[in-house]
Amino acid sequence: MLKLTYHSHACFSLTNSTYHILFDPFITGNPLCEIQAADVNPTHILVTHGHGDHLGDAVDIAKRTGAVIIAPNELAIYCQFKGAKVHPMHIGGAYNFEFGKVKLTPAWHGSAVIDGENIIYTGNPCGFVVEMDNKQIYHAGDTGLFGDMKLIGEMFDLDCALLPIGDNFVMGPEDALIAAKMLQAKLNVPMHYNTFPVIEQDPNKFVDNLRKNSLKGKVLEPGESVDL
Ligand code: NI
Ligand code: MN
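Residues numbered from 1 in each chain as written. Chains lettered and ligands numbered in written order. Predicted model: local features only at pLDDT ≥ 70, side-chain atom pairs only at ≥ 80, totals over all residues. Heavy atoms only, no water.

(A) Local environment of the pattern of salt bridges. One pass over the structure, following the stated rule, counts five salt bridges. With a closest N to O distance of 3.5 Å, K186 and D159 form a salt bridge. Residue K186 is found in the loop between helix 5 (173-183) and strand 14 (188-191), and its partner D159 is found in the loop between helix 4 (149-155) and strand 13 (160-164); the two are separated by 27 residues along the sequence. Under the relative-accessibility criterion, D159 is labelled buried at 14%. Where E224 meets K218, a salt bridge forms, and the shortest distance between an N and an O atom there is 3.6 Å. By relative accessible area, E224 is classed as partly exposed at 27%. Of the residues examined, K218 reaches a relative accessible area of 32% and is grouped as partly exposed. A single salt-bridge network, built from bridges that share partners, covers D157, D159 and K186. (Salt bridge = Lys/Arg side-chain N within 4 Å of Asp/Glu carboxyl O. Helix = DSSP H or I, 4+ residues; strand = E, 2+ residues; numbered from the N terminus. Buried < 20%, exposed > 50% of the residue type's maximum accessible area, 1.4 Å probe, protein only.)

(B) Expanded view of the coordination of the manganese ion (ligand 2). Protein ligation of the manganese ion (ligand 2) involves D53 (OD), H54 (NE2), D142 (OD) and H192 (NE2), the donor distances falling in the range 2.1 to 2.2 Å. Every donor residue of the manganese ion (ligand 2) comes from the same chain, spaced as D-H-x87-D-x49-H. A separation of 3.2 Å is found between the manganese ion (ligand 2) and the nickel ion (ligand 1), which share D142 as a coordinating residue. Both residues of the pair, D53 and H54, count as buried. (Donors = N, O, S within 2.8 Å, 3.2 Å for Na, K, Ca; no water.)

(C) A look at the nonpolar core. Core analysis: the biggest nonpolar cluster contains 53 residues, and L4, L14 and Y138 have the highest contact counts within it. Contact partners of Y138, with chain neighbours within four places excluded, come to T105, F128, V129, F146, M149, I152, L158, C160, A161, L162, L163 and L183. Of all hydrophobic cores here, the second largest spans 23 residues; its members include C33, A37, V40 and A58. (Core = buried A, V, L, I, M, F, W, Y, C linked by side-chain atoms within 4.5 Å. Contact = heavy atoms within 4.5 Å.)

(D) Up close: the coordination of the nickel ion (ligand 1). Taken together, the protein donors to the nickel ion (ligand 1) comprise H49 (NE2), H51 (ND1), H109 (NE2) and D142 (OD), at separations of 2.1 to 2.3 Å. Given four donor atoms and angles of 87 to 178° at the metal, the environment of the nickel ion (ligand 1) is assigned as irregular. Each donor residue of the nickel ion (ligand 1) lies on one chain, and together they are spaced H-x1-H-x57-H-x32-D. Overall, H51 belongs to the partly exposed group, its relative accessible area being 22%. Assessed through its relative accessible area of 2%, D142 is described here as buried. (Tetrahedral: all angles 85-135°; square planar, octahedral: opposite > 155°, others 65-115°.)

(E) Representation of the pairing of strand 10 (residues 118-121) within the structure. Bridge count between strand 9 (residues 112-115) and strand 10: four bridges; the pairing is antiparallel. Among the inter-strand pairings, I114 is bridged to a residue of strand 10, identified as I119. Between strand 9 and strand 10, which pair antiparallel one after the other, the connecting turn spans two residues, and G116 there sits at a positive phi close to 65°. (Pairing = 2+ DSSP bridges.)

(F) Highlighting the sheet that holds strand 5 (residues 68-72). The mixed open sheet is built from seven strands, whose spatial order is 6-5-4-3-2-1-15. Sheet topology places strand 6 (86-89) and strand 15 (225-227) at the edges, where each strand pairs with a single neighbour. Strand after strand, the sheet turns through a mean of 20° between neighbouring axes, direction not considered. Pairing of strand 5 with strand 6, which is carried by four bridges, proceeds in the parallel orientation. Within the sheet, the bridge partner assigned to I69 lies in strand 6 and is V86. (Axes fitted to C-alpha atoms, helices over the stretch in contact; angles between N-to-C directions.)

(G) Representation of helix 2 (residues 58-65). Listed as buried for helix 2 are A58, V59, I61 and A62. What you see down the axis of helix 2 is that its buried residues fit within an arc of 165°, all on one side. Contact partners of the buried residues in helix 2: strand 3 (20-23), strand 4 (44-46), helix 1 (52-55), strand 5 and helix 3 (73-81). (Arc of directions from axis to C-beta.)

Okay, structure coming up:
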């Protein structure tokens, strides 16, 4: 049984009896997150880009647990410099891991680590399509709406799409609805909202609008899981 758990913002766990795939572990300093970085034991950590609300605790968790960080090349190399075990990839590339297949998708955003007063650019941001236990899950990362989501929807028979709705830095709810229409996933889960005042949104309204368009959505509370 493949289980998806929301930890708020863009942080999710995808787990079966053997593997724990942790996405964008912004745990420390995240006011909504229900877990502690010291308690989480992933086997793999997927990081979409270098911003602090996505890279988060990834390096510390990777060093403590031995989990492999899977990320776009420049960000992966940055994490390796910091002492983590990594698997660099890049947009358009897929790789068969022991837990399943990962493909990197485009994301329209930035990617950098802010280190004091220095901005360290970490290449292009990405999204992920993870194929695991015969299920296909799309984590869009931080992105604006783009037309090639239609292509992602055609190339995969998505069981679940994790879509940002916070606006300001990423898609707002109206654009996320257009994204959902293009992706045609069996389930849409909103993310990247209400963590900070500037990204306050009503996720239930988003899900209602999905329903009006014959699409399924579910609002997950931090700590809540859904079986895929
Ligand atoms: Ni970002
Ligand atoms: Mn973000």
